[in-house]
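One-letter residues, chain by chain:
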Amino acid sequence: DGVSADIQINFPVPLDSPNVQYTIYDTPGTDSNYAEHQAVLMDALSKQKQSILIFVAAPNKTEGSGNNALLKYLKETEEKNSKTSIDIGRSLFVINWSDSIDSDARKDLQHEEIKYKDDSAFSIRLEEKKLFFLSAKFGYAAKAVKNGIASEKDMSDFNKGLNNMTDKFGGFCFRENRCARSEFATNSMNERCEKALKEAQDNKDDVSTLEVACGLYALEREVVQYGEKYGSAVKASAIIDSVDKALSRLTNQAA
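Cut-off values and rules
- Residues numbered from 1 in each chain as written.
- Predicted model: local features only at pLDDT ≥ 70, side-chain atom pairs only at ≥ 80, totals over all residues.
- Heavy atoms only, no water.
- Helix = DSSP H or I, 4+ residues; strand = E, 2+ residues; numbered from the N terminus.
- Expected span 1.5 Å × (residues − 1).
- Buried < 20%, exposed > 50% of the residue type's maximum accessible area, 1.4 Å probe, protein only.
- Arc of directions from axis to C-beta.
- Pairing = 2+ DSSP bridges.
- Phe/Tyr/Trp six-rings, centres within 6.5 Å; stacked < 30°, edge-to-face > 60°.
- Core = buried A, V, L, I, M, F, W, Y, C linked by side-chain atoms within 4.5 Å.
- Axes fitted to C-alpha atoms, helices over the stretch in contact; angles between N-to-C directions.
- Parallel < 35°, antiparallel > 145°, perpendicular 65-115°, else oblique.
- Left-handed = near helix turned anticlockwise from the far one by under 90°.
- Contact = heavy atoms within 4.5 Å.
- Nonpolar A, V, L, I, M, F, W, Y, C, P; charged D, E, K, R; others polar.
- Polar contact = N/O pair within 3.5 Å; in protein donor to acceptor, adjacent residues only side chain to side chain.
- Salt bridge = Lys/Arg side-chain N within 4 Å of Asp/Glu carboxyl O.

Trainee: Where do I start with helix 1 (residues 35-46) in this structure?
Mentor: Compared with an ideal rise of 1.5 Å per residue, which puts 12 residues at 16 Å, helix 1 spans 16 Å between its outermost C-alpha atoms and is within 8% of the ideal. Burial in helix 1 covers these residues: Gln38, Leu41, Ala44 and Leu45. Angularly, the buried residues of helix 1 cover 130° about the axis, an arc narrow enough to put them on a single face. Exposed side chains of helix 1 directed beyond 90 degrees from the buried face belong to Ala35 and Glu36.

Trainee: When you look at the pairing of strand 2 (residues 92-95) in this model, what are you seeing that I'm missing?
Mentor: Side-chain direction in a regular strand flips from residue to residue, so the side chains alternate between the two faces of the sheet. Burial of the side chains of strand 2 extends over both faces: Leu92 and Val94 are buried on one face and Phe93 and Ile95 on the other. Here 4 bridges tie strand 1 (residues 54-57) to strand 2, and the two strands are oriented parallel to one another. The residue bridging Val56 from the neighbouring strand is Val94, located in strand 2. The sheet contact formed by strand 2 and strand 5 (residues 130-133) spans 4 bridges and is parallel. For Val94, the partnering residue across the bridge sits in strand 5 and is Phe132.

Trainee: Even after reading the chapter, I still don't get the packing of aromatic side chains, so can you show me in this structure?
Mentor: Given two aromatic rings, their pairing is described by the distance between the two centres and the angle made by the two planes. Inspection of the entire model under this criterion finds 1 aromatic pair. Seen in terms of ring centroids, Phe55 and Phe93 are 5.4 Å apart; in terms of plane orientation they differ by 40°. Their pairing is tilted. Of the two residues, Phe55 sits in strand 1 while Phe93 sits in strand 2, which places them 38 residues apart along the sequence. Taken as a pair, Phe55 and Phe93 share a single burial class, namely buried.

Trainee: Would you mind showing me how to read the nonpolar core here?
Mentor: For soluble globular proteins, the rule of thumb is that nonpolar side chains tend to be buried together. Leu126, Phe132, Met165, Phe174 and Leu210 are the most contacted members of the largest nonpolar core, which totals 37 residues. Those elements that provide at least two residues to this core are strand 1, strand 2, strand 5, helix 4 (136-146), helix 5 (152-164), helix 6 (183-202), helix 7 (206-213) and helix 8 (216-254).

Trainee: What exactly am I supposed to notice about the packing of helix 4 against helix 5 here?
Mentor: The description of two packed helices rests on the angle between their axes and on the distance between the axes. Interhelical geometry of helix 4 versus helix 5 gives an angle of 120° and a closest axis separation of 8 Å. One way to sum up the angle between helix 4 and helix 5 is to call them oblique. Relative to helix 5, the crossing made by helix 4 is left-handed. Contacts between helix 4 and helix 5 involve Lys137, Phe138, Tyr140, Ala141, Ala142, Ala144 and Val145 from the first element and Asp154, Met155, Asp157, Phe158, Lys160, Gly161 and Asn164 from the second. Residue composition of the contact of helix 4 with helix 5, by class: 8 nonpolar, 2 polar and 4 charged.

Trainee: I'm lost on the side chain of Ser135 in this one. Help?
Mentor: Along the chain, the position of Ser135 falls in the loop between strand 5 and helix 4. At 2.9 Å, the side chain of Ser135 forms a polar contact with the side chain of Asp99. Once residues within four sequence positions are removed from consideration, Ser135 is found in contact with Asn96, Asp99, Met165 and Cys214.

Trainee: Mind showing me how you'd approach the pattern of salt bridges here?
Mentor: Proximity of charged atoms lets side chains of opposite charge pair with each other. For the coordinates displayed, the defined rule picks out 10 salt bridges. A salt bridge links Glu176 to Arg106; the nearest nitrogen and oxygen atoms lie 2.8 Å apart. In this pair, Glu176 sits in the loop between helix 5 and strand 6 (178-179) while Arg106 sits in helix 3 (residues 103-109), placing the two residues 70 residues apart along the sequence. Arg106 gets classed as buried once you look at its relative accessible area, which sits at 0%. As a salt-bridge pair, Lys130 and Glu222 come within 2.7 Å of each other at their nearest N and O atoms. Of the two residues, Lys130 sits in strand 5 while Glu222 sits in helix 8, which places them 92 residues apart along the sequence. On the accessibility criterion, Lys130 (30% relative accessible area) is partly exposed. A cluster of three or more residues bridged by salt bridges with shared partners is formed by Lys143, Lys146, Glu211 and Glu220.

If you want it as structure tokens, here you go:
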């Protein structure tokens, strides 16, 4: 009694559901020279459970003492078998200020290696990660215009971004994105972006055009997809657990 024969599962799980809760931590950067900032960063990382790390660096700052401090932390966490759930394998790596380099330079960065100076065997090879190229400055300008809060400077950045990010050689940051060594996943991601770009251009929607061209659209979609998959996994786990308990009770009653 009380056990239904039908179980309804909605997929993907909507992120606006009251049953799905997410928290975004925007921590100080690893390149900060303030000890307090480093403490805040490490404390935030130590408290993460089932989290996704979005590692952001400038094109000329994939190496450095700040990144080395982060690698040191990740290595120590791995060695301690900590309950902290920072999975470097599923983390996202973002190269910001991508408007400052051309497409050839972005292709070179696809093969960059972030090394831990105290252990040459412990490093992050970007060609093995989910890598995104982005211009946050132009992405912000596009969002400011979309939300009707653009200042005079934002409008200036927006117009510059629309010109720079649709340049054949220096723009369209998303075209150098890579999903580890999966050519299929890389192509699928880029095809989604190309489709969104064409739709925006056909509709003469400059805001959406800039969002896609500056790399923001691709990164946002990846984060949302991760959230949907994780939300579904959590929901499925709860369903399986409930059904297992119900079957266990039925088994005990039958016995």
